[in-house]
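Architecture at a glance
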Amino acid sequence: MKKSFSNKDKYLKKIKQIQKYNKFYFQGNSPKITDQEYDKLKKEIENLEKEFNFSHQDSPSNSVGYTPAKNFKKFPHRVKMLSLSNAFNKDDLKNFEKRVVNYLNLQKNHQFEYSVEPKIDGISASLTYKSGKFEKGLSRGNGEEGEDITENLRTIGDIPLEIKNPDFPEDIDIRGEVFIQNDDFENIKSEFANPRNAASGSLRQKDPKKTSLIPLKFIAYTFGFISKNKIKNQSEYLEKLKIWGFKTSDLNKKISKIDELIAYHSEIEKIRYQLKYDLDGIVYKINDLNLQKRLGNVANAPRWAIAHKFSASSSVSIIKDIEIQVGRTGALTPVAKIKPVNIGGVVVSNATLHNEEEIIRKDIRIGDTVKIERAGDVIPHVISVDIKKREKKSKKFIFPKKCPSCGSNTAKEFNQQTKKYDAVRRCTSEGFVCDKIAIEKLKHFVSKDALNIEGLGKKVIEQFWELKFIKYPFDVFNLDYKKISNLDGWGDLSVKNLRNSIEKAKFIKLEKFVFSLGIRHIGQENAKLIAENVKKANSFFDLKNKNLIKELISIDGIGETQINSLLNFFSNNINLMVIEKLIKVLNIQDYNRTNTKGKLNKKTFMFTGKLENISRAEAKNLVENNGGKVISSISKKLNFLIIGEKPTNRKVELAKKNNIKLIKLDDFKKMLN
Ligand code: IVH
C-alpha cells in the first residue's frame, strides 16, 4: 500500500517536471534539458503508467503536441522579415497615408491603390525555391535570422515541393503564414491554448512525422529575395502565387480610398468568427511594388503597409488593486490587477491604466467595476468605469509622488514642442540607482534588437537579479555558470547554450551597442546615426565631453531632445563606468557602412531648397542606400550641394566660397542613373 502511494507521488512529480520543461519550450525559451534527458523522463513516466496503470491528463502519452524542439539550425534571411505597424481607426489610417504622401512628395490628395489582405494570426515562414525546387524553409526568428524548419514545412500539403511554371523566378523566397484551421483545432485543443500556439508548437516538433499529424495550412502573401523580378504590383504577385500552386486568401482585394478600406474592414470584422481561421485585422499594402521599393522601411516595419486591427473583445471585471510599474526610462505606469476574466479566449488578470492623467480623467479607483478591452497582441486596457456599481466608501486613487521602487522624487516633464506637461510621471533618479529601472535596462540590454542573448529572457533576468548574479550590464559577461547549473530548471545543455549565446553576443556592431545602452530617445535609428558619426566605440565614450555631444546636432535626424538626453546620460558617473567596462569586455566593431560599393561611396551631400517629386527623407535614404552620406552643415567635408527650388542663398554662397560642387537635382539623379 505504502509503496504504490510513493510511486504515485513519484509519477506525479515526473508529470510536473515534464510539464515545466514543456512550458519552457512552448513559451519560446531554449530547451532546458537535452533531447535524451527529455526522452528518458518520458520513458520513465510511460513505464510507471504501464506498471501501475497510472494516468494523468498532462501525461505525454496523452498528447501529440508536447515534445521539445531539437535545436534547429539558424540561417540568416536574405531579406529581413519585417513586422507591421498597427492602425486602430480612421485617424491612424489618414496619418499613415499622409506619411506615405510626404515621403514620396506627392500631391496631398493623391489616391493610392492598396492590396488589401486579411491578417491571419499564425506563424510566418520564408520558403526558398531554387530552380523551381523547395530548398529551405525558415521561421521568422528575430527577423534577421530564422530557424531551419524545412523538414517540418515539407509535410504541409499547401506547400508545393516543385514548381514547373516557366515564369516562376529562378530564385525566390516565398513568404506566408502557417496556421491551423479552427475546425482542425477543435480536435487537438486539449493540447494547446489556442490555434496559434498549436501551429507554432507543431512547426517546431523535433520529429516531422509529428508535424504531419497536425493539419497545418499555408497561405502565401509576400516575397523576400527575388531574382529578375518582372512583377509590377502586389495584387499581380498574389495572382501569380495562385498560378504557381500556392494558396492565397479568398478575401484579398484591391481598394483605393480610406473610406472604402474602412468599409471592407467592417464587412470582414462582422464575419470574422464565421471564417475558417483566426484573423486579427486587415493588412493594407501600397499596391505598386516600385513605390514599395522607394518607401523602404523604418527599423522593423515597412513604410508601405499597415495592419488595421479589429476592435477588441471586452469583458467586465473588478479592480482588486492598482500597482505602479517603473519602466526602463523611469515612466510610472499604473496597472490594474483585476479579477481574472476570459476575454476572447485569453485569461486576463492585468490591464494597463496608461498613466496618471488617465486615472484622473476616468476617476479609476480600487474596487471599481470596469470594462476591459483586449485586441490581438495589444496590452489589455481599462476603457470605462461603471460608476453605478461603485461603493459609497470608495476613495479616489492617489497617484504616488515618490518612485515606488527607489523612493526618489517623480516629475512630469515639460514638452518644448507641445508646450504642455507630459501625461507620464517619471522617476527622476539616475538609471541604475533605481532597482526597477536597472532591471528594465538589463532586459533591454539583452533583448532581440540589442545584444540578442538567447536564454536570457525577461524572467531569467529577474531571477538572476534577485539572486544578485547581475546588477549592471557588464555582469552578464561574468556569470558564475556553476551556480546557474545548480538552479532549478537549468540542465547542462541550457547552461552550455546560455554560455555560447553570451560569448556570441560579445561581437557586436557599434550601432547595436549604442542602442543596447537604452538611452532615452535613442532608438535603433538614432543609434545608427550616432554610430555612423562617431565610428568607433572609444569615440563614443569621448562623448563624455559635453561639447562633442553638442556637435551631434549637425546630424540630420538628431534634435534638441536627443542632445539633452545624451547630455543627461553622459553626465552620470555610473553610466560612464558601465560604458567603460562594456568596451573592455565586448568586441565592438567599428561602424561599417553597409553599402561601400555604392555609386556614391564616400561622397557627402547636402540639400537646399525644395526638391521636385521627391521628399528630403527619400533623397537622404537614396544617398545612403548608394553608399553616400548626408550632412547638414557646410564644411570642407562636404562634396556636393544639391540645389532645389528656391535654395537658401547663404548656403549657396558659402558653398561657392568653399569650392563645393553645386549640382541640380537632375544631375544628382544622373549620378544614380
Ligand atoms: S506582409 C512586410 N501580409 O503579420 C510586412 N503579413 O505583423 C510583413 N501577416 O510577421 C509581411 N497576414 O506573420 C503580411 N497578408 C499578410 C499577412 C501578414 C499575416 C503576419 C506575418 C507578419 C506579421 C506582421
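Residues numbered from 1 in each chain as written. Predicted model: local features only at pLDDT ≥ 70, side-chain atom pairs only at ≥ 80, totals over all residues. Heavy atoms only, no water.

**Here we look at the pattern of salt bridges**
Should the charged atoms of two oppositely charged side chains come close, the side chains can pair. Basically, it comes down to this: Just to be clear on terms, a salt bridge is a Lys or Arg side-chain nitrogen sitting within 4 Å of an Asp or Glu carboxyl oxygen. With a 1.4 Å probe rolled over the protein chains alone, any residue whose accessible area is under 20% of its type maximum counts as buried; one over 50% counts as exposed, and the rest are partly exposed. Think of it this way: any DSSP run of H or I at least four residues long counts as a helix, any run of E at least two long counts as a strand, and we number them from the N terminus.
Tallied over the full model, the rule gives 37 salt bridges. Asp-363 is paired through a salt bridge with Arg-365; the nearest N and O atoms lie 3.1 Å apart. Comparing Asp-363 with Arg-365, the two get one shared label, buried. Between Lys-396 and Asp-363 there is a salt bridge, and its shortest N-O distance comes to 3.6 Å. Of this pair, Lys-396 sits in the loop between strand 18 (381-385) and strand 19 (410-415) while Asp-363 sits in the loop between helix 11 (356-362) and strand 17 (369-374); the two residues are 33 residues apart in sequence, bridging distant segments of the chain. Look at Lys-396 and you get exposed, because its relative accessible area is 54%. One salt-bridge network, held together by shared partners, links Asp-363, Arg-365, Asp-368, Arg-390 and Lys-396.

**Structural notes on the site of the ligand**
Rules: Residue proximity to a molecule or strand is established when one non-hydrogen atom of the residue lies within 4 Å of it. A 3.5 Å cut-off defines polar contacts: any pair of N or O atoms within that distance qualifies, except that in protein one atom must be a possible hydrogen donor and the other a possible acceptor, and neighbouring residues in sequence count only when both atoms are side-chain atoms. What sets the accessible areas is the Shrake-Rupley method with a 1.4 Å probe; for residues, cover comes only from the shown protein chains. Side-chain classes are defined by residue name, with Ala, Val, Leu, Ile, Met, Phe, Trp, Tyr, Cys and Pro counting as nonpolar, Asp, Glu, Lys and Arg as charged, and the others, Gly among them, as polar.
Taken together, 14 residues sit near the ligand, with Glu-117, Lys-119, Glu-177, Tyr-221 and Lys-285 positioned nearest. Note that an oxygen atom of the ligand is positioned 3.2 Å from one of the backbone N or O atoms of Leu-84. Backbone polar atom of Ile-120 to a nitrogen atom of the ligand: 3.4 Å apart, as the coordinates give it. With the chains in place, 88% of the 510 Å² that the ligand exposes on its own is no longer accessible. Every element with two or more residues in the shell around the ligand is listed here: strand 3 (114-120) and strand 10 (279-286). Ranked by residue count, the leading element in the shell around the ligand is strand 3, at four residues. Here the shell around the ligand is composed, by residue class, of eight nonpolar, two polar and four charged.

**As for the nonpolar core**
Our working rule: The definition of a nonpolar core used throughout is a set of buried Ala, Val, Leu, Ile, Met, Phe, Trp, Tyr and Cys residues joined through side-chain atoms within 4.5 Å. Should any heavy atoms of two residues lie within 4.5 Å, those residues are counted as being in contact.
Membership of the largest hydrophobic core comes to 63 residues, with the highest contact counts inside it found for Leu-456, Phe-464, Ile-484, Leu-498, Phe-513 and Phe-540. Leu-456 has contacts with Val-446, Ile-461, Phe-464, Val-476, Leu-498 and Ile-502, leaving out every residue within four places of it along the chain.

**A few points about the side chain of Gln-234**
Relative to the assigned elements, Gln-234 resides in helix 8 (residues 234-244). For Gln-234, a relative accessible area of 1% translates into the label buried. A polar contact of 2.8 Å, which involves the side chain of Gln-234, links it to the side chain of Glu-117. Sequence-distant contacts of Gln-234, defined by excluding residues within four places in its chain, comprise Ser-115, Glu-117, Tyr-221, Lys-285, Asn-287, Leu-289 and Gln-292.

**Regarding the pairing of strand 5 (residues 133-139)**
Quick reminder of the rule: Think of it this way: DSSP has to see at least two bridges between two strands before they count as a pair.
Note: strand 4 (residues 123-130) against strand 5, six bridges, orientation antiparallel. Within the sheet, the bridge partner assigned to Ser-126 lies in strand 5 and is Leu-138. A loop of two residues connects strand 4 with strand 5, the two strands running antiparallel in sequence, and Ser-131 in this loop sits at a positive phi of about 45°.

**Focus on the sheet that holds strand 24 (residues 629-630)**
Rule in force here: Fitting a line to C-alpha atoms yields each axis, with helices limited to the stretch in contact; the angle taken between N-to-C directions then spans 0 to 180 degrees.
Spatially, 24-23-25-26 is the arrangement adopted by the four strands of the open sheet, whose pairing is parallel. Looking at strand neighbours, the two that pair on one side only are strand 24 and strand 26 (661-664), the edges of this open sheet. Packing of helix 22 (residues 616-625) onto the sheet brings it into contact with strand 23 (604-608) and strand 24, and relative to strand 23 it is tilted by some 165°.

**With respect to the packing of helix 3 (residues 90-104) against helix 9 (residues 258-271)**
The condition is simple: The cut-offs work like this: below 35 degrees is roughly parallel, past 145 is roughly antiparallel, 65 to 115 is roughly perpendicular, and the gaps in between are oblique. For any pair of crossing helices, the crossing counts as left-handed if the nearer helix is rotated counterclockwise from the farther one by less than a right angle, and right-handed if it is rotated clockwise.
Where helix 3 contacts helix 9, the two axes come as close as 10 Å, and the packing angle between them is 135°. With respect to helix 9, the element helix 3 is oriented oblique. Handedness of the crossing formed by helix 3 with helix 9: right-handed. Between helix 3 and helix 9, the residues in contact are Lys-90, Leu-93, Lys-94 and Glu-97 and Ile-258, Asp-259 and Ile-262, respectively. Among the residues forming the contact of helix 3 with helix 9, the class breakdown is three nonpolar, no polar and four charged.

**Focus: the packing of aromatic side chains**
For any pair of aromatic rings, the description rests on two quantities: the centre-to-centre distance and the angle between the ring planes. Definition in use: What counts as a ring pair is set by centres within 6.5 Å for rings of Phe, Tyr and Trp (its six-membered ring), and what kind of pair is set by the plane angle: stacked under 30 degrees, edge-to-face over 60, tilted for all other angles.
Taken as a whole and judged by the stated rule, the model has 22 aromatic pairs. Look at Tyr-129 and Phe-134: their rings are 5.5 Å apart centre to centre, the planes differ by 40°, and that puts the pair in the tilted class. According to the relative accessible area criterion, Tyr-129 is buried, its value standing at 0%. Plain terms: the ring middles of Phe-223 and Tyr-237 are 4.9 Å apart, the flat faces sit at 70° to each other, and that makes the pair edge-to-face. Of the two residues, Phe-223 is situated in strand 8 (residues 216-226) and Tyr-237 in helix 8; the sequence distance between them amounts to 14 residues. Take Phe-223 and Tyr-237: they sit in the same class, and that class is buried. Three or more aromatic residues joined by ring pairs form one cluster here, namely Tyr-129, Phe-134, Phe-168, Phe-223, Tyr-237, Trp-244 and Phe-246.

In short, shape yes, function no, at least from these values alone.
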